[in-house]
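Remarks on the overall topology
This is what each chain is made of:
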Amino acid sequence: MQRPLARALGAVLIVIAAAIPAGAQDKPRSGGELVFVVPSEPPSYDAHQEETFGVIHPMAPHYSTLLRVDPTDKTGTKPVGDLAESWTASKDGLTYTFKLRKGVKFHDGSEMTSKDVKASYDKIIKPPAGVKSLRKDMYDSVTSVEAPDSNTVVFKLKWPESSLLLALASPWNWIYKAEIIAKDPHWYETHVMGTGPFKFGEHVKGSHWVGKKNPDYWDKGKPYLDGYRAIFISASAAQVAAVRGERAMIQFRSFSPPERDQLVQALGNKIAVQESPWDCLNFVSMHHEKKPFDDKRVRRALSLALDRYEGSKALSRITLVKDVGGIQVPGTPYATPPAELEKLAGYGHDIAKNRAEAKRLLKEAGVPDGFSFTFKNRGIPHPYEPLGIWLIDQWRHIGLSVKQEFIEASAYHPMLKRGDFEVAMDFQCGFIVEPDLDLARFVSTSDANYGRHKDTAIDDMYIRQARTTDIEERKKILRQFEKRLLDDEAHVIYTLQWHRIIPHLAKVKGWMITPSHYLNNQLDTVWLSE
Amino acid sequence: MWKYLFKRFLLMFPTLFGVALLTFVLIRVIPGDVVELRYSGDRGAVSQEVLDKERARFGLDRPLWKQFGTWVLGIARLDFGESMWTGAPIWQEIRLRFALSLQVAIMATVVAVALSIPLGVLAALKQDTWIDYAVRIFSIAGLATPSFWLGIVFILLLLIVFHWLPPMVYTPFWVDPWENIKQLIWPALAVGYRYSAVGMRMTRSAMLEVLREDYIRTARAKGLVQRLVLARHALKNAMLPVLTVIALEFAFLIGGLVVTEQVFNLNGLGLLFVQAVAHRDYTLIQALVMLVAGVFIIVNFLMDVGYAWLDPRIRYR
């Protein structure tokens, strides 16, 4: 039984090792159509008002953003220019000036200017009445966006914002045509027209999306592909079958470990696999207004009970989690160094000691042996269900008796919002690894602070880390924030970092995995070797 | 006969109204709504203000009776509204998928009729011989095998043996017949087999019953050849229950191939139904239920017409 699995895992390692340097060394070849699977579908065509990757995957190739995350940066944290050719920041960090590329054209042939960037950002930051903008809170520091001349855009801020450049590289902030937005701010909900490497071909709802090469793309020589076809497939078995049968070449979200092994076993050297820690995480929220979870000793005990390192080994074989991490994705600039991580409650390697401490804390808090509570989990197979089972088993080791209740996906968020739980699985998924984005939900006043903690120290640290421009200082504050969030107060319990697995046909080149499935979807660098 | 058909026709309207009321209420009993689902994506932290505005935009903040009234008046004008998830007109969402679902239903029915009637008749004629046993085993296997499972087996066999997978994107028959058949023949076979099993068993038992009737003995006594006895007297009379089964299965296939459509990634009404329920897209769910109910009611009406044609006792009542 174990031999095929070992063979498959061996093949995965070989393919991973072989695929990355090969991708970097080969000379791009033009032509061909990339066919990929998208497990979701765009509700509307306006990324400024949508939340799903079902919008990004098929549609990002039609658009450009002011900045983008470097498609060759595996950490997905380095901003580079997309429509911006260069930029400067004033010494006080309150003014950012961007010089735009010249000669960039919209797909209708008109020239893109700073007016278009300004209009797009005005729509995002200060949407007109009746127009939604889901991420406008990210730009609270921006007082104005100005276009002093046709290729200059100036962002003026109220306070220095360390995350501004990455916020401007957001994959959601597509640049639209000012004239169209002025006439009808809802036009982009049902139409496509950008400056990206691919023009819109067709969208057959429930079936597929087609993009065709933009011959007037500003980056001469790109894109390499003649076009692409995104096929909408919701069932994961059908997604795997599509890649296995070579009807599709890649799926940009993720497959599970067993699906990866199945594909590697079936396709051998015809498939390459890229893997990365994923900027998505399940954590446990405990209702701070319900006893005994109002007591930080109880919350800490729940975290101390978890053997994260053994859990990682077991769970990473069956579901989408792997790394033991802190408040930032392992391997990214603000990630917790392993030595620091081990000092946090529940992160030390001596599990017997941790659990003894957990029992002591429970006793001290007056929680009787065999205390029972209900853990509410989201009714989604991966990774919620295996993670939930693992958590319950871990808590059993410190004498807790936990009943798991699965809540249907659509009832799950209302349940969290109502606070109708004692302990519940919570989650977050970022589109760029950036502390401002990943940690905003832990501020006391956040709509997503479902555990209802009130902690002015956390709120203060969040603001300080966001406004400092000194990287080392920011790291220091983040470590303090992390210690308070996960250890001293244990407001929430982090489980394991999600793990992104992208098996793709080996002929797909020029695409690099990042920790976010929202990044690197413009496809301008992608090419087919055969 | 016309009076009988007119009565049957009039009965359609209260039935449809009942379906509309039941659907409208039941879908709202399920927790969560389209707004919650649409904006509780990966960040899961959209403000209450945005959610409230969206609910107001869809009219979900109005009293239920007003929502129901608006919807029913819309239906009366054949206006089913817009999908709450995509914003596209409902007719557009359905039109896209209806052609595929209808084609699969027709192809599966052809497979089912082609298998069930000859084999069912053969089993009845050769009762308790090895042929009868073989047909019975074949039909019981069909009943016991879910069509989606058979679909998975087809896909795995095609992948493992032929390293080939049916196309994942629907091509209409009039655009490229070969591409269309390559995609749809597999679900049609998978569904048609189970469907034929029901028909086969029904044909066999109906034929056995009819073959024992006095009028068959009389026909034989008159010296009619076996072919005429079977075709003109036995089969026509045995077809009444078989027709019922085939017609109801056909109506079911229009919107009921939920899992099979997922297995073959068919962009049909079944998959649309699942997505609409998952998204709590009330307007789309209501329209789809009305469509499927409409198909059932029309099929039932046509069955009534068929009964009247096949059975003079109904015609002259």
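Below is a summary of the structure that appears in this document.

The rules behind these values
- Residues numbered from 1 in each chain as written.
- Chains lettered and ligands numbered in written order.
- Predicted model: local features only at pLDDT ≥ 70, side-chain atom pairs only at ≥ 80, totals over all residues.
- Helix = DSSP H or I, 4+ residues; strand = E, 2+ residues; numbered from the N terminus.
- Buried ≥ 20, exposed ≤ 12 C-beta atoms within 10 Å, placed from the backbone.
- Contact = placed C-beta atoms within 7 Å.
- Pairing = 2+ DSSP bridges.
- Axes fitted to C-alpha atoms, helices over the stretch in contact; angles between N-to-C directions.
- Nonpolar A, V, L, I, M, F, W, Y, C, P; charged D, E, K, R; others polar.

**A short note on the overall build of chain B**
Within chain B one finds 14 helices and 0 strands. Across chain B, helices and strands are ordered from the amino to the carboxyl terminus as α-α-α-α-α-α-α-α-α-α-α-α-α-α. With the C-alpha coordinates aligned to their principal axes, the bounding extent of chain B is approximately 85 × 60 × 35 Å. Per-residue burial for chain B yields a buried fraction of 36% across its 317 residues. Put simply, 74% of the contacts in chain B that link residues at least 6 apart link residues at least 24 apart.

**So, the sheet that holds strand β5 (residues 95-100) of chain A**
Residue and element names in this part refer to chain A. One open sheet holds the 4 strands; their spatial order is β4-β5-β7-β6, and the pairing between them is antiparallel. Where the open sheet ends on each side, the last strands, each with one partner, are β4 (84-89) and β6 (142-149). Going from strand to strand, the sheet's axes swing by 20° on average, the running direction of each strand aside. Here β5 runs beside strand β7 (residues 152-157); their pairing, made up of 5 bridges, is antiparallel. Bridge pairing links Tyr96 to Phe155 in β7. Where helix α3 (residues 114-125) meets the sheet, it contacts β5, β6 and β7, and its direction lies at approximately 165° from that of β6.

**Thoughts on unusual backbone geometry**
Residues and elements named next belong to chain A. For the bond running from Lys222 to Pro223, omega is -5°, close enough to zero to count as cis. Within the element layout of this structure, Pro223 appears in the loop between β9 (208-213) and β10 (227-232). Across the junction of Lys291 and Pro292, the peptide omega takes the value 0°, indicating a cis bond. Within the secondary structure layout, Pro292 lies in the loop between β12 (271-286) and α8 (296-304). Residues other than glycine seldom take positive phi values, yet Leu523 does so here, at roughly 65°. Residue Leu523 is classed as buried on the basis of its 26 C-beta neighbours within 10 Å.

**Things to note about the environment of B:Leu51**
In this structure, B:Leu51 sits in helix α3 (residues 48-58). B:Leu51 sits 222 residues away from B:Phe273 along the chain, and the two C-alpha atoms are 24 Å apart.

**A closer look at the interface of chain B and chain A**
Every contact between the two is made by 36 residues of chain B and, on the other side, 34 residues of chain A. Counting residues per element, the ones that place at least two in the side of chain B that touches chain A are α2 (34-38), α3, α5 (90-125), α7 (147-162), α11 (258-263) and α12 (269-279) of chain B. Along the lines of polarity and charge, the residues of the side of chain B that touches chain A split into 18 nonpolar, 11 polar and 7 charged.

**Describing the sheet that holds strand β11 (residues 250-251) of chain A**
The sheet built from 5 strands is open, its strands ordered β8-β9-β10-β1-β11 (chain A) with mixed pairing. The sheet terminates laterally at β8 (198-204) and β11 of chain A, the two strands that pair on one side only.

**Let's talk about α12(B)**
Residue and element names in this part refer to chain B. Among the 11 residues of α12, 8 are classified as buried, and the element is accordingly described as predominantly covered. Every buried residue of α12 is listed here: Leu269, Gly270, Leu271, Leu272, Phe273, Gln275, Ala276 and His279. Looking at the buried residues of α12, the elements they touch are α2, α5, α10 (226-256), α11 and α13 (282-310). Directly beyond the C-terminal end of α12, a positive phi value near 55° is found at Arg280.

**What about helix α9 (residues 214-221) of chain B?**
Burial analysis of α9(B) places just 0 of its 8 residues in the buried class, which makes it a mostly uncovered element. One or two residues past the end of α9(B) sits B:Gly223, with phi positive at roughly 95°.

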